[in-house]
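Close look at the chain arrangement
Given next are the chains, with one letter for each unit.
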Amino acid sequence: MLDTGDTLPPGPRHLHMVRPNQPVWVDLKLVYPVGAVKTRLPDGLDLTGTVPGLLGMWRATTTGHWVGWVTFQLGPVGRGGTTHSQWVLAEALRPREERNTWSGSFPSERRR
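Just so it is clear, the model here is predicted, and its values are computed rather than measured.

**Focus on the overall build of the protein**
When helices and strands are counted, the protein shows one helix and five strands. Along the protein, helices and strands appear, N-terminal first, in the series β-α-β-β-β-β. Expressed as a percentage of its 112 residues, the buried residues of the protein come to 34%. Surface summary for the protein: the accessible area is close to 7,500 Å², and the carbon and sulfur share equals 55%.

**A word on the pattern of salt bridges**
A pair can form between side chains of opposite charge whenever their charged atoms are brought close. Following the criterion strictly, the structure yields one salt bridge and no others. The salt bridge partner of aspartate 27 is lysine 29, with a shortest N-O separation of 3.4 Å. Relative accessible area serves as the criterion here: at 16%, aspartate 27 is assigned to the buried category.

**Quick notes on the environment of tyrosine 32**
Note that tyrosine 32 resides in the loop between helix 1 (28-31) and strand 2 (50-60). Distance from tyrosine 32 to leucine 47, taken between C-alpha atoms, is 6.5 Å for residues 15 residues apart in sequence. Leave out the neighbours within four places in its chain, and tyrosine 32 touches Leu47, Phe72, Leu74 and Gln86.

**Notes on the nonpolar core**
Ranked by internal contacts, the top residues of the largest apolar core, which has 17 residues, are Val26, Leu55, Trp58, Val70, Phe72, Val88 and Leu93. For this core, the secondary-structure elements that each account for two or more residues are strand 1 (15-27), helix 1, strand 2 and strand 3 (66-74). The contact partners of phenylalanine 72, leaving out residues within four places of it in the chain, are Val26, Leu28, Tyr32, Val51, Pro52, Gly53, Thr82, Thr83, His84, Gln86 and Val88.

**Points about the sheet that holds strand 1**
Strand order in the open sheet made by the five strands is 4-3-2-1-5, with antiparallel pairing throughout. Edge positions in the sheet fall to strand 4 (82-89) and strand 5 (93-95), since each of these pairs with one other strand and no more. Direction aside, the axes of adjacent strands within the sheet are offset by 40° on average. Relative to strand 5, strand 1 runs antiparallel, the two sharing three bridges. Across the sheet, the residue bridging to tryptophan 25 is arginine 94, located in strand 5.

**Thoughts on the pairing of strand 3**
As defined by bridge partners, strand 2 adjoins strand 3 across seven bridges and the pair is classed as antiparallel. Each residue of the ladder has a partner; that of arginine 59, found in strand 3, is valine 67. Counting the residues that bridge the hairpin from strand 2 to strand 3 gives five residues, and of these glycine 64 lies at a positive phi of roughly 90°. Pairing of strand 3 with strand 4 involves eight bridges; the strand directions are antiparallel. Along strand 4, the bridge assignment pairs threonine 71 with serine 85.

Each value, and the rule that gives it
Residues numbered from 1 in each chain as written. Predicted model: local features only at pLDDT ≥ 70, side-chain atom pairs only at ≥ 80, totals over all residues. Heavy atoms only, no water. Helix = DSSP H or I, 4+ residues; strand = E, 2+ residues; numbered from the N terminus. Buried < 20%, exposed > 50% of the residue type's maximum accessible area, 1.4 Å probe, protein only. Areas by Shrake-Rupley, 256 points an atom, 1.4 Å probe, with all protein chains shown as cover. Salt bridge = Lys/Arg side-chain N within 4 Å of Asp/Glu carboxyl O. Contact = heavy atoms within 4.5 Å. Core = buried A, V, L, I, M, F, W, Y, C linked by side-chain atoms within 4.5 Å. Pairing = 2+ DSSP bridges. Axes fitted to C-alpha atoms, helices over the stretch in contact; angles between N-to-C directions.

Right, here's the structure in full:
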């Protein structure tokens, strides 16, 4: 993986490293749009919640959307939960810290 150490907001380039990794909330309903409930399984994975994650980089898609490379936990640790790292649409992410520490870190806040 390319690590430029660059922490400037995403610009005209199509890849932006986030160093250090930034804490985010991941809205699983937007990551895994599963539709209507079929049945309730109390020990199944909950794909409707919001979980903490770490954002490592931004990448632009061919359609002009931004996606973040995020690591997050699915399911409870020690009870079948697993850690995932994957591209997540920017719309499914939000900062976990104060806004002033995030100025320019999200594609929607990109300097023009």
